[in-house]
Amino acid sequence: MKWNLRWAAAKQNIWRPSELLPRFAEYGFTPSLSKVSALWSGIPVTVRLDDLDKMCAALDCTVGDLMEADPVERIMPSAEQSQERAVGDSGPGSSGPRPVPRRGAGRPRSLPPN
């Protein structure tokens, strides 16, 4: 996602996060200056939908103006990866290392705790 809060604010002639606080307060959105600065300077991990709605109202924009979806590249599996295999099978004709049971040299196994 591209977060375009600065661009939406610039369209309203707002150039600093501290200038957003009074505009947000008009619409009932009262975050701290540090929260607004974090929204201004980076991409938020989460934004509440009602807060997003209030930001859009304060900046006279749409959600599409604040956020743009970046296309995600689709990773196509190769023909070799797409074939199903049994667990431990490393490919056709390979005889990889097989697990060998450990010999305890005559020591009995300990019991699990009660």
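Everything here concerns the structure above.
For clarity, every value in this text was computed on a predicted model and none was experimentally measured.

Draft legend 1. Main features of the overall build of the protein chain. Broken down by element type, the protein chain carries 6 helices and 2 strands. Put simply, the protein chain runs from its N terminus to its C terminus through helices and strands in the order β-α-α-α-α-α-β-α. Buried positions account for 20% of the 114 residues belonging to the protein chain. Taking the contacts inside the protein chain whose residues are at least 6 apart along the sequence as the reference set, 61% of them involve residues at least 24 apart.

Draft legend 2. Molecular detail of the side chain of Asn 4. With respect to the helices and strands, Asn 4 occurs in the loop between strand E1 (2-3) and helix H1 (5-11). Of the residues examined, Asn 4 reaches a relative accessible area of 14% and is grouped as buried. Apart from residues lying up to four places away in sequence, Asn 4 is in contact with Asp 65, Leu 66 and Glu 68.

Draft legend 3. Looking closely at the pattern of salt bridges. Within this structure, the stated rule accounts for 1 salt bridge. Asp 50 is the salt-bridge partner of Arg 48, the closest N and O atoms lying 2.9 Å from each other. The exposure class of Asp 50 is partly exposed, given its relative accessible area of 34%.

Draft legend 4. Looking closely at the nonpolar core. Trp 3, Leu 5, Leu 20, Phe 24, Met 55, Leu 59 and Leu 66 are the most contacted members of the largest nonpolar core, which totals 18 residues. Broken down by secondary-structure element, the contributors of at least two residues to this core are H1, helix H2 (17-26), helix H3 (33-41) and helix H4 (49-59). Sort the elements by how many residues they give to this core and H4 lands first, with 5 residues.

Draft legend 5. How the structure looks around the packing of H2 against H4. Contact geometry of H2 with H4 gives a least axis separation of 9 Å together with a crossing angle of 105°. The orientation of H2 with respect to H4, classified from their angle, is roughly perpendicular. Between H2, through Leu 20, Arg 23 and Phe 24, and H4, the contact on the second element is made entirely by Met 55, Ala 58 and Leu 59. Within the contact of H2 with H4, the residues separate by chemical class into 5 nonpolar, no polar and 1 charged.

Draft legend 6. Highlighting H4. Asp 51, Leu 52, Met 55, Cys 56, Ala 58 and Leu 59 are the residues of H4 that are buried. Taken end-on, H4 shows its buried residues confined to a sector of 165°, consistent with a single buried face. Residues of H4 that are exposed and angled more than 90 degrees away from the buried face: Leu 49 and Asp 53. Looking at the packing, one finds that the buried side of H4 touches E1, H1, H2, H3, helix H5 (63-66) and strand E2 (67-68). Of the residues trailing H4, Asp 60 is marked for its positive phi of about 55°.

Draft legend 7. Expanded view of H2. Of the positions making up H2, those classed as buried are Pro 17, Leu 20 and Phe 24. With its buried residues spanning 40° around the axis, H2 presents them on a single face. In the core, the buried residues of H2 are packed alongside H1, H3 and H4. Where H2 ends, the next residue or the one after it, Gly 28, has phi of about 80°, a positive value.

About the thresholds
- Residues numbered from 1 in each chain as written.
- Predicted model: local features only at pLDDT ≥ 70, side-chain atom pairs only at ≥ 80, totals over all residues.
- Heavy atoms only, no water.
- Helix = DSSP H or I, 4+ residues; strand = E, 2+ residues; numbered from the N terminus.
- Buried < 20%, exposed > 50% of the residue type's maximum accessible area, 1.4 Å probe, protein only.
- Contact = heavy atoms within 4.5 Å.
- Salt bridge = Lys/Arg side-chain N within 4 Å of Asp/Glu carboxyl O.
- Core = buried A, V, L, I, M, F, W, Y, C linked by side-chain atoms within 4.5 Å.
- Axes fitted to C-alpha atoms, helices over the stretch in contact; angles between N-to-C directions.
- Parallel < 35°, antiparallel > 145°, perpendicular 65-115°, else oblique.
- Nonpolar A, V, L, I, M, F, W, Y, C, P; charged D, E, K, R; others polar.
- Arc of directions from axis to C-beta.

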